[in-house]
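Given next are the chains, with one letter for each unit.
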Amino acid sequence: MFSRSSLICKHHLLHSSFRVLVKRSFQKQSKMGDSALKSLNSNLWDTDPELYDLIKKEKKRQCSGLEMIASENFTSIAVMQCLGSCLSNKYSEGLPGQRYYGGNEFIDQIEILAQKRSLEAYNLNAEEWGVNVQPLSGSPANFAVYTGIVEPHGRIMGLDLPDGGHLTHGFFTQQKKISATSMFFESMPYKVNPDNGLIDYDELLKTARLFKPKLIIAGTSCYSRVLDYKRFKEICDDVGAYLMSDMAHISGLVAAGVTPSPFEYSDIVTTTTHKSLRGPRSGVIFFRKGVRKVTPKGETIMYDLESKINQAVFPGLQGGPHNHQIAAVATAMKQTKEPEFVKYQHQVVSNAKMLASGLESRGYKIVTGGTDLHVLLVDLRNVKLTGSKAEYILEEVSIACNKNTVPGDKSALNPSGIRLGTPALTTRGLVEKDISIVVDLIDRTLKLAIEISQKSGPKLVDYKNVLHTDEVFSKKVATLRNEVQEFSNKFSMPGYDEY
Ligand code: DSN
């Protein structure tokens, strides 16, 4: 975590020294008298003020609002520096030591470092686990696994999207195959129990026995409880499936050891690196190597995941790896070993628990009754609000979150809940006492939403209209926005000051 004032001051210095450095190097170039080079070395703020202005506005929005989208975070300046480095210039199809182009001496070293640090971040032994750090993000990582391991139209099972799963876990609706993972593979969802919001493992076992999937996915986008990886593995063993854990949301928590690790029971683990892990936008696939099992007849079966997954990433699905992202993954994985990172992840969970209990004490229903992690799902049906109305007014007062289905919802288009997360706020230094202020701000905003909704009736369009045209309501919204922004601006943010 960062202390508020020190970080602001520190980054003022960092930012100004960075700019001085940039300017110096440009002066050096301009003495060369090469006008073409000079123009390529001009700063964005000089060459494209229109775009720069938009970036500055986005930065200001990020600083002055409360970022509670559970999958977002504010990455470090070290990650930003990798992303803005010369590594973006290089093509390097293939793996270290087996590239299709020349000039990859240092790129190879960077990718090997990223692989090594990724394994170290999760305390994995290089004899038992391999890693591919080239996926551009989480969705391509998942698609690469299915492409490599599950044949076309082979069967996969993932938690249904409305129950807290992810699009790439095979999402489709009655009308349409939505995710490509349901177009090119046959998917069967498993569900949560609508009464308690918890994954129904017994039902998963029954369905898996009927469907006989090649791969089962243990992973979520909106689920606030620890997954039972042991149970998942038992179900996979029962039906002869691979267990792929998609730990994208919790990979920071896992690295810090504040939540159970999926590695013990999984054959494959995928993750993004920009959520709780707080790295760059990228993806990583871990796969097992060595002995898979010994049959009752004593036959040893080896894993054959490595080449299948590596070849699915390239040349199967991707071209040149994004080396600037890979370097940023390397430095983010290094950060996971710092005591500060572990402290941060503990605080993420404490903050989420505080948020859940605070909202519960104000009369809101938290799905599953609370959280073990960084995220919680608020069911708004008892306060007679929809997720869309709540999300809209929260955004109006500068609190960012997303509407979300809750167990039992009939329509994904008009969901009854909102998903809230604490990784981003915790990066800015908020602790429990600050979260209780956030609870109050959310509660007052939602109470105002209820009043507006009572006047507007059920339609979102009417609700928005009343919110903006009714003078009393719009004034109350503006007052809350000022309060949120004043509160939020007190906290620091890693990165450059202006952009
Ligand atoms: N958008 C991310 C999330 O919110 O979970 C995953 O794609």
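Residues numbered from 1 in each chain as written. Predicted model: local features only at pLDDT ≥ 70, side-chain atom pairs only at ≥ 80, totals over all residues. Heavy atoms only, no water.

Around the ligand sit Ser71, His166, Ser221, His249, Lys275 and Arg419, and that is every residue in its neighbourhood. Here an oxygen atom of the ligand and a side-chain polar atom of Ser221 are 2.7 Å apart. The fraction of the free accessible surface of the ligand (230 Å²) that becomes covered by protein chains is 64%. Each residue belonging to the shell around the ligand can be placed in one class, and the counts come to no nonpolar, four polar and two charged. (Near = heavy atom within 4 Å. Polar contact = N/O pair within 3.5 Å; in protein donor to acceptor, adjacent residues only side chain to side chain. Areas by Shrake-Rupley, 256 points an atom, 1.4 Å probe, with all protein chains shown as cover. Nonpolar A, V, L, I, M, F, W, Y, C, P; charged D, E, K, R; others polar.)

Another aspect to go through is the packing of aromatic side chains. This structure, assessed with the given rule, holds 17 aromatic pairs. When the ring of Trp45 is compared with that of Tyr499, the centres are 5.9 Å apart and the planes differ by 45 degrees; the resulting orientation is tilted. Of the two residues, Trp45 sits in helix 3 (residues 44-47) while Tyr499 sits in the segment after helix 19 (471-488), which places them 454 residues apart along the sequence. For Trp45, a relative accessible area of 19% corresponds to the buried category. Of the residues examined, Tyr499 reaches a relative accessible area of 24% and is grouped as partly exposed. A connected cluster of aromatic rings, assembled from ring pairs, spans Trp45, Tyr52, Tyr496 and Tyr499. The cationic tip of Arg278 hangs over the ring face of Tyr344; the distance from NZ or CZ to the ring centre is 3.9 Å. (Phe/Tyr/Trp six-rings, centres within 6.5 Å; stacked < 30°, edge-to-face > 60°. Helix = DSSP H or I, 4+ residues; strand = E, 2+ residues; numbered from the N terminus. Buried < 20%, exposed > 50% of the residue type's maximum accessible area, 1.4 Å probe, protein only. Lys NZ or Arg CZ within 6 Å of the ring centre and 35° of its normal.)

Of all hydrophobic cores here, the largest spans 49 residues; its most connected members are Tyr122, Ile199, Ile216, Phe232 and Phe286. The residues contacting Phe232, other than those within four sequence positions of it, are Tyr190, Ile199, Tyr201, Leu204, Ile216, Ile217, Ala218, Leu227 and Leu243. Counting residues in hydrophobic clusters, the runner-up holds 41 residues, among them Leu66, Val378, Ala390 and Ile442. (Core = buried A, V, L, I, M, F, W, Y, C linked by side-chain atoms within 4.5 Å. Contact = heavy atoms within 4.5 Å.)

Looking now at the sheet that holds strand 10 (residues 283-288). Taken in spatial order, the seven strands line up as 4-10-9-8-7-5-6 in an open sheet, and their pairing is mixed. The open sheet has two edge strands with one neighbour each: strand 4 (129-132) and strand 6 (186-190). Mean inter-strand twist for the sheet, computed between neighbouring axes without regard to direction, equals 20 degrees. Where strand 5 (residues 155-159) and strand 6 come together, five bridges link them in parallel fashion. In the strand pairing of strand 6, Arg155 is matched with Glu186. Most of the contacts of helix 9 (residues 201-211) go to strand 5, to which it runs at about 165 degrees, and overall it touches strand 5, strand 6 and strand 7 (215-219). The sheet strands contacting helix 10 (residues 229-239) are strand 6, strand 7 and strand 8 (242-246), and the helix crosses strand 7 at an angle near 170 degrees. (Pairing = 2+ DSSP bridges. Axes fitted to C-alpha atoms, helices over the stretch in contact; angles between N-to-C directions.)

What follows is about the side chain of Thr75. Its place among the elements puts Thr75 in the loop between strand 1 (66-67) and helix 5 (77-83). A polar contact of 3.2 Å, which involves the side chain of Thr75, links it to the backbone oxygen of Gly279.

This part covers the packing of helix 6 (residues 105-121) against helix 13 (residues 323-335). Where helix 6 meets helix 13, the axes come as close as 8 Å, and the angle between the chain directions of the two elements is 35 degrees. The handedness of the crossing between helix 6 and helix 13 is left-handed. Side by side, helix 6 and helix 13 meet where Ile107, Ile110, Glu111, Leu113, Ala114, Arg117, Ser118 and Ala121 of the first sit next to Asn323, Ile326, Ala327, Val329, Ala330, Thr331, Met333 and Lys334 of the second. (Left-handed = near helix turned anticlockwise from the far one by under 90°.)

Between the first and last C-alpha of helix 6 there are 25 Å, a value that for 17 residues agrees with the 24 Å anticipated at 1.5 Å per step. Among all positions in helix 6, only Ile107, Asp108, Glu111, Ala114, Gln115, Arg117, Ser118, Leu119 and Ala121 are buried. At the C-terminal side of helix 6, Asn123 shows a positive phi close to 55 degrees. (Expected span 1.5 Å × (residues − 1).)

Next up on the list: the sheet that holds strand 17 (residues 417-421). The strand order 13-14-17-16 describes an open sheet built from four strands, whose pairing is antiparallel. The strands lining the two open edges of the sheet, one partner per strand, are strand 13 (365-366) and strand 16 (402-404). Looking at chain direction, strand 14 (residues 375-379) and strand 17 are connected through five bridges and run antiparallel. Directly across from Leu377, in strand 17, lies its bridge partner Arg419. Packing of helix 14 (residues 339-361) onto the sheet brings it into contact with strand 13, strand 14 and strand 17, and relative to strand 14 it is tilted by some 15 degrees. With respect to the sheet, helix 15 (residues 387-396) is in contact with strand 16 and strand 17, its orientation differing from that of strand 17 by roughly 45 degrees.

Attention now goes to a nonpolar patch on the surface. Side chains of Leu44, Leu51, Leu54 and Ile55 sit close together on the surface and give an oily, nonpolar patch of about 300 Å² of accessible area. Broken down by element, the nonpolar patch gets its largest block of residues, three residues, from helix 4 (residues 49-64). Tracing the chain through its elements places Leu51 in helix 4. (Patch = residues over 30% accessible without salt bridge, like charges linked within 9 Å, V, L, I, M, F, W, Y side chains within 5 Å. Salt bridge = Lys/Arg side-chain N within 4 Å of Asp/Glu carboxyl O.)

Let us look at the environment of Ala390. With respect to the element layout, Ala390 can be found in helix 15. On the basis of relative accessible area, Ala390 is assigned to the buried category, the value being 0%. Leaving out residues up to four positions away in the same chain, Ala390 has contacts with Leu380, Leu385, Ile418 and Leu446.

In this section: the confidence of the model for the chain. Summing up the model confidence of the chain, the mean pLDDT is 93 and the portion of residues at 70 or higher is 93%. Here residues 1-20 scores under 50 on pLDDT; set against residues more than four positions off or in separate chains, the count is 39 contacts. (pLDDT = per-residue confidence, 0-100.)

Axis separation between helix 18 (residues 460-469) and helix 19 bottoms out at 5 Å; the angle between their running directions is 80 degrees. With respect to helix 19, the element helix 18 is oriented roughly perpendicular. Residues Val466, Leu467, His468 and Thr469 of helix 18 form the contact with helix 19, whose own contacting residues are Glu471, Phe473, Ser474 and Val477. Partitioned by chemical class, the residues of the contact of helix 18 with helix 19 number four nonpolar, three polar and one charged. (Parallel < 35°, antiparallel > 145°, perpendicular 65-115°, else oblique.)

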